[in-house]
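The primary structure of each chain is shown beneath.
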Amino acid sequence: MSIVVNNFEKMNISKIKQSKNKKKLTVITAYDALFAKLFSQASDMILVGDSLNMSFAGEKDTLSATLEQMIYHTKAVCNGAKDAFVITDMPFGTYINKDEALKNCTTVYQQTNASAVKIEGGEDRADIIKHLTSNSIAVMGHIGLMPQYVRSEGGYKVRGKTKEDEEQLIRDAIAVEQAGAFAIVVEGVMSDVAKKITQTVNIPIIGIGAGVDTDGQVLVWSDMLGFFEEFKPKFVRHYLNGAKLVKEAVNQYRDDVQTQRFPSKEEEY
Ligand code: KIV
Ligand code: NA
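Residues numbered from 1 in each chain as written. Chains lettered and ligands numbered in written order. Predicted model: local features only at pLDDT ≥ 70, side-chain atom pairs only at ≥ 80, totals over all residues.

Draft legend 1. A look at the site of ligand 1. Surrounding ligand 1, one finds Thr29, Leu47, Gly49, Asp50, Ser51, Asp89, Val185, Glu187, Ile208, Val218 and Val220. Here the shell around ligand 1 is built from residues that sort into 5 nonpolar, 3 polar and 3 charged. (Near = placed C-beta within 6 Å. Nonpolar A, V, L, I, M, F, W, Y, C, P; charged D, E, K, R; others polar.)

Draft legend 2. Molecular detail of the sheet that holds strand β7 (residues 205-208). The strand order around the closed barrel built from 8 strands is β1-β2-β3-β4-β5-β6-β7-β8, with neighbouring strands paired in parallel fashion. With direction set aside, neighbouring strand axes in the sheet form an average angle of 25°. Along the sheet, helix α8 (residues 163-178) contacts β5 (139-144) and β6 (183-187); its crossing angle with β5, the most-contacted strand, is approximately 175°. (Pairing = 2+ DSSP bridges. Helix = DSSP H or I, 4+ residues; strand = E, 2+ residues; numbered from the N terminus. Axes fitted to C-alpha atoms, helices over the stretch in contact; angles between N-to-C directions. Contact = placed C-beta atoms within 7 Å.)

Draft legend 3. Inspection of the domain arrangement of the protein at higher detail. You can read the domains of the protein as domain 1 (13-238) and domain 2 (241-269). Inter-centroid distance (C-alpha atoms) of domain 1 to domain 2 is 38 Å. (Domains from an automatic or database assignment.)

Draft legend 4. Main features of the packing of α8 against helix α9 (residues 191-200). Running from N to C, α8 and α9 point in directions that differ by 30°, and their axes come no closer than 10 Å. Taken together, the axes of α8 and α9 lie roughly parallel to each other. Considering only the axes of α8 and α9, their crossing is right-handed. Contact with α8, carried on its side by Glu166, Leu169, Ile170, Ala173 and Ile174, involves Val193, Lys196, Ile197 and Thr200 of α9 and no other residues of that element. Classifying every residue of the contact of α8 with α9 by side-chain character gives 6 nonpolar, 1 polar and 2 charged. (Parallel < 35°, antiparallel > 145°, perpendicular 65-115°, else oblique. Left-handed = near helix turned anticlockwise from the far one by under 90°.)

Written out as structure tokens, the structure reads:
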């Protein structure tokens, strides 16, 4: 069975905000022009996630991603998906204070066609987000499990398991909304808490590992297409057995080369 979706609508900040309580938002990450183009019709927003530092650059976490790296990949994604609403993840260390944040986000806006940037942090980063949104930078927040905090937190931990943490997360969401963010990614949060966050703020909450009651979902493309084999987090659904299909295809190619079934007469000059 194949489903062809033809209702692509180019997104902008107002349409994204207006989607709240009307339409669930679909977000996929992309790191290059080829895949961004393939995803563009199906996704309301494309996130150039710093997760690329792990899946594409093979690093152990996202912390060593650089601004140059994010700009390079954002350019590629924007080239591939010309009508997409593209969000660039600001890498670790590029928004340590208001001035650094504005300088680096301005560089992203000047050197790429990104529509927005994403910043990890709640109450602790609200003043930075406020400074960016006051200076015409569109900001998507990111609270809950924040991969850039992995070393300082001592691991990736599901959030919202205690009443205290639940209250912190609600405060984080409110602070980020009041700072002017247009949407918030809520990652790795107990579903009932993610639901409360979604009901508390007026901007769309995009969940990942946060249950079905958020205003939309985001997945890392290489996870959802099954290219990343090392492990499958509980919240990931494989929509394709990418790794298996690719391995079968390249094995077939090798067999054809070895047995001279490739190239054929039709593939010759
Ligand atoms: O880097 C990334 O891909 C992300 C998503 C998981 C939200 O931040
Ligand atoms: Na990220």
